Every structure is written in C-alpha cells, then in structure tokens.
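As a plain string of letters, each chain reads:
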Amino acid sequence: MPLLGVNIDHVATLRQARQTNEPDPVWAAALAELGGADSITIHLREDRRHIQDRDLEVLRRTVAVKLNLECAISHEMIDTACRVKPDQVTIVPEKRQEITTEGGLDVVQYKQAVSQAIARLHDAGITVSLFIDPSPGQIDEAVELMSDAVELHTGAYALAISPHDRDSRLLELARAATMVRKAGMVLAAGHGLTYRNVVPIATIDGMHELNIGHSIVSRAIFVGIAQAVKEMKSLMG
Ligand code: PXP
C-alpha cells in the first residue's frame, strides 16, 4: 500500500481569501497526521498566493511526519529550502497565471538549472523529487540528474473522459513507473487524484507514495480532515 502525502495548500487558500489567520494550515497538518497522513506537502509559490513563509517555518517545527516542500527552481526558493530544510523538496514548474501546477517540469529543457538545484539541496541534506510527465525522455533525464525520487504527473489520467483514453493514460503511467523503479528511484505520483480514481494508481507496482490535495480538502469541509484522510488511506489500501 502506498504512503499518503496530504497537500494542505487549499487550507491556506481559504485563509488568504480574507487575508486573516484562519483556517491555519498548521492545524490542518496536525489533523491530517491524526488521520494517518504519512507526509505533509505544501507548495510555497513565488506569488505567495496560499502558503506563506511563516507556514513553512512553523510547519518545519511542528510536522512530525515527512515535510515535503514543492517549489519552483528559482534561486530564492532553493535558498529558502536550504535554510528551512524540509525533509524533501519536490521541484515543480510554476507559471504565475496558472490555477494549479499545469504539466510536469521539463527536466530536459531545464537540465542545467535542475542539476544545480539538486546539488545544492543534496548538500543541505534534503531529499529531492522531480515532478515530471510520465514520458521516457523525462525519466531518463531524471536518472541522469541523480534525483532520489520522481513524482509522476497523473493529471492527464485524471482528466481523461473516455474509458479508452483513461486506459491508455494508465498504461503510460504503469510503463513510466516500471522505468522509475528499474532505475532505482523512489516512485511517487499525484495531481488530480480523487476518491473515485485513486485505486488504479495506488495499485501500480512499486508505487511508494501518492500526493493528494484538492479532493481530500474538499471532502474535509464536510467530514473533517482526519476523517477525509482516513477514508483516502483506506481506499489506497
Ligand atoms: N503533486 C504536485 C507536484 C502538485 O503540484 C499538486 C498540486 O499542488 C499535487 C500533487 C496535488 O494535486 P491535487 O490538489 O490535484 O490533488
């Protein structure tokens, strides 16, 4: 059964809607842990639209499970990560206008910058994961770059409408997963996963961890965070 990383960005989104101090993502992290979260994920965006620097600093001190920081490859973000030292950094692409992370990071195009970021993060003792599309070229490059882990982007699978499209996206993810495992990297996946579509991804051979945010926080509004996390974990098992 894969581990579950809970992305709590949306809790901060709600707080920022009023520029106030509630709901606090720090509370959300504690409740997600009580529900069985194996890691807590936050994305510190360059525009600080949801998670703030204060959240990262406080969560670094309060989260008892793995703290996974998603961030862009900018100098500012890598400096921040090296200073605060989350357990893991997942490098993601970032565009100002996007609603959420839109495709995987192109590690072929940004090879040099990614390589420098990985070296700095490794020197700081931080594990690195690369959020990439499930394509062989991207995985080969992640191996070259000596990333510790790869998070496969499941967005295309999640958005597939026809059963045929969904099956072919699933096959693409399963093939990519095999490549990641054979290369000896830790295998993770995420984006767009829900209570309805998670099972086929959770049962991909060797899947180590799934990162899920929107669906869990949406359900949490009605049943509470600990319960929402517990339900997702039981589906994944
Ligand atoms: N993984 C990564 C790298 C992401 O950027 C996100 C969204 O912030 C997620 C997983 C979670 O996606 P969702 O909110 O759709 O579950």
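In this report, we go over the structure that sits alongside the text. (Residues numbered from 1 in each chain as written. Predicted model: local features only at pLDDT ≥ 70, side-chain atom pairs only at ≥ 80, totals over all residues. Heavy atoms only, no water.)

**Focus: the overall build of the protein**
What counts here: Only DSSP runs of H or I reaching four residues or more are called helices, and only runs of E reaching two or more are called strands; each is numbered from the N terminus. Radius of gyration here is computed from C-alpha atoms only, and the compact-globule reference equals 2.2 Å multiplied by the residue count raised to the power 0.38. Type-normalised accessible area, obtained with a 1.4 Å probe on protein chains alone, sets the label of each residue: buried when under 20%, exposed when over 50%, and partly exposed for intermediate values. Contacts are assigned to residue pairs with any non-hydrogen atoms lying within 4.5 Å of each other. The charge count includes Lys and Arg as positive and Asp and Glu as negative, but it does not include His or the ends of the chains. Note on charges: their place is set at NZ of Lys, CZ of Arg, CG of Asp or CD of Glu.
For the protein, the count of helices and strands is 11 helices and eight strands. In summary, the protein has a C-alpha radius of gyration of 17 Å against a globular reference of 18 Å for 237 residues, a match within 12%. Principal axes of the C-alpha set define a box for the protein whose edges measure 45 × 40 × 30 Å. The proportion of buried residues among the 237 residues of the protein is 49%. Partitioning the intrachain contacts of the protein with sequence separation of at least 6 by distance along the chain shows that 66% fall at a separation of at least 24. Counting 24 positive and 31 negative side-chain charges, the protein places the centres of these two groups 3 Å from one another.

**Description of the packing of helix α2 (residues 25–34) against helix α11 (residues 225–236)**
Operational definition: Whenever a helix is involved, its axis is fitted only over the stretch in contact; in every case the axis is a line through C-alpha atoms, and angles between N-to-C directions fall within 0 to 180 degrees. When describing relative orientation, an angle under 35 degrees is termed roughly parallel and one over 145 degrees roughly antiparallel, while 65 to 115 degrees is termed roughly perpendicular and anything else oblique. Put simply, a crossing is left-handed when the front helix is turned counterclockwise from the back one by less than a right angle, and right-handed when it is turned clockwise. Under this grouping Gly is polar, as are all residues other than the nonpolar Ala, Val, Leu, Ile, Met, Phe, Trp, Tyr, Cys and Pro and the charged Asp, Glu, Lys and Arg.
Closest axis-to-axis distance for the α2/α11 pair is 7 Å, and the angle between their directions is 45°. Overall, the two elements α2 and α11 adopt an arrangement that is oblique. Where α2 crosses over α11, the two elements pack in a sense that is right-handed. Residues A28, L31 and A32 of α2 touch α11, and the partners they reach there are I225, A226 and V229. Here the contact of α2 with α11 is composed, by residue class, of six nonpolar, no polar and no charged.

**A few points about the site of the ligand**
Applied cut-off: The rule for a residue being near a molecule or strand is that one of its heavy atoms must lie within 4 Å of it. Using a 1.4 Å probe, accessible areas were evaluated by the Shrake-Rupley method; residue-level cover was limited to the displayed protein chains. With a 1 Å grid spanning the protein atoms alone, the term cavity applies to any set of points in which a 1.4 Å probe fits but cannot get out, the term pocket to an open set with protein on both sides within 12 Å along at least five of seven lines, and the term lining residue to any residue with an atom within 4 Å of a point. More than half of a molecule's atoms lying within 2 Å of a cavity's or pocket's grid points is what places that molecule inside it.
Surveying the vicinity of the ligand reveals 13 residues, the closest of which are T101, E151, G192, G213 and H214. Taken by itself the ligand offers 400 Å² of open surface, and the protein chains cover 93% of this. When each cavity is represented as a set of grid points, the ligand is found to reside in the largest pocket.

**Concerning the environment of S218**
With respect to the element layout, S218 can be found in helix α10 (residues 214–223). Looking at S218, the relative accessible area reads 27%, which means it is partly exposed. It is 21 Å that separates the C-alpha atoms of S218 and R45, two residues lying 173 residues apart in sequence.

**Section: the pairing of strand β3 (residues 66–71)**
Under the convention used in this document: Crossovers are marked right-handed if the path from the first strand over the helix to the second runs clockwise, as seen with the strands pointing away from the viewer. We treat two strands as partners when DSSP finds at least two bridges between them.
Of all six residues in β3, five are buried, a share of seventy percent or more. Taken together, strand β2 (residues 39–43), helix α3 (residues 53–62) and β3 form a β-α-β motif whose crossover is right-handed. Judged from the four bridges that link them, β3 and strand β4 (residues 88–91) form a sheet pairing that is parallel. Residue pairing for β4: C71 is matched across the bridge by I91. On the question of chirality, the crossover connecting β3 to the parallel β4 by way of helix α4 (residues 75–84) is right-handed.

**Considerations on a nonpolar patch on the surface**
Under the convention used in this document: Patch membership requires over 30% relative accessible area and the absence of a salt bridge. Like charges are linked within 9 Å, and nonpolar side chains (Val, Leu, Ile, Met, Phe, Trp, Tyr) within 5 Å. Whenever a carboxyl oxygen of Asp or Glu lies within 4 Å of a side-chain nitrogen of Lys or Arg, that contact is scored as a salt bridge.
Taken together, the side chains of I221, F222 and V223 present a nonpolar region at the surface, about 370 Å² in accessible area. By the element assignment, V223 lies in helix α10. Using a relative accessible area of 38% as the deciding quantity, one classes V223 as partly exposed.

**Section: helix α5 (residues 111–123)**
Which entries qualify depends on this criterion: A helix's residues, less one, multiplied by 1.5 Å, set its expected span. To be clear, the arc concerns the directions from the helix axis to the C-beta atoms.
The first and last C-alpha atoms of α5 sit 18 Å apart over 13 residues, in line with the 18 Å expected at 1.5 Å per residue. Of the residues making up α5, those classed as buried are V114, A117, I118 and L121. Across the axial projection of α5, the buried residues extend over an arc of 100°, all falling on one side. In α5, the exposed positions that point more than 90 degrees away from the buried face belong to Q112 and D123. Packed against the buried residues of α5 are α4, β4 and β5 (127–132).

**Quick notes on the side chain of N7**
As a reminder, the rule being used: Pairing of N or O atoms within 3.5 Å defines a polar contact, subject to two protein rules: one partner must be a possible hydrogen donor and the other a possible acceptor, and residues neighboring in sequence count only if both atoms are side-chain atoms.
By the secondary structure assignment, N7 is in strand β1 (residues 3–7). Polar contacts involving the side chain of N7 include one to the main-chain amide nitrogen of D9, which spans 2.9 Å.

**Digging into the packing of aromatic side chains**
The test is simple: We call Phe, Tyr and Trp rings a pair once their centres come within 6.5 Å, taking the six-membered ring for Trp, and we label the pair stacked below 30 degrees between planes, edge-to-face above 60, and tilted otherwise. As a reminder, the over-ring test applies to NZ of lysine and CZ of arginine, requiring each to be within 6 Å of the ring centre and within 35 degrees of the ring normal.
For the structure on display, the rule yields zero aromatic pairs. Taking the ring centre of Y195 as reference, the NZ or CZ of R219 above it sits at 3.6 Å.

**Thoughts on empty space enclosed by the protein**
Test applied: Grid points are joined across faces, edges and corners, and a volume is the space filled by probe spheres set on the points.
Counted according to the given criterion, the structure contains one cavity of 30 Å³ or more. In this model, the largest cavity occupies a volume close to 30 Å³. In this structure, the largest cavity is lined by V6, I8, V11, A28, I216, V217, A220 and I225. Looking at the lining of the largest cavity element by element, the count peaks at three residues for α10. Here the residues of the lining of the largest cavity are counted per class, giving eight nonpolar, no polar and no charged.

Fair warning: the whole summary comes from geometry, so function is off the table for now.
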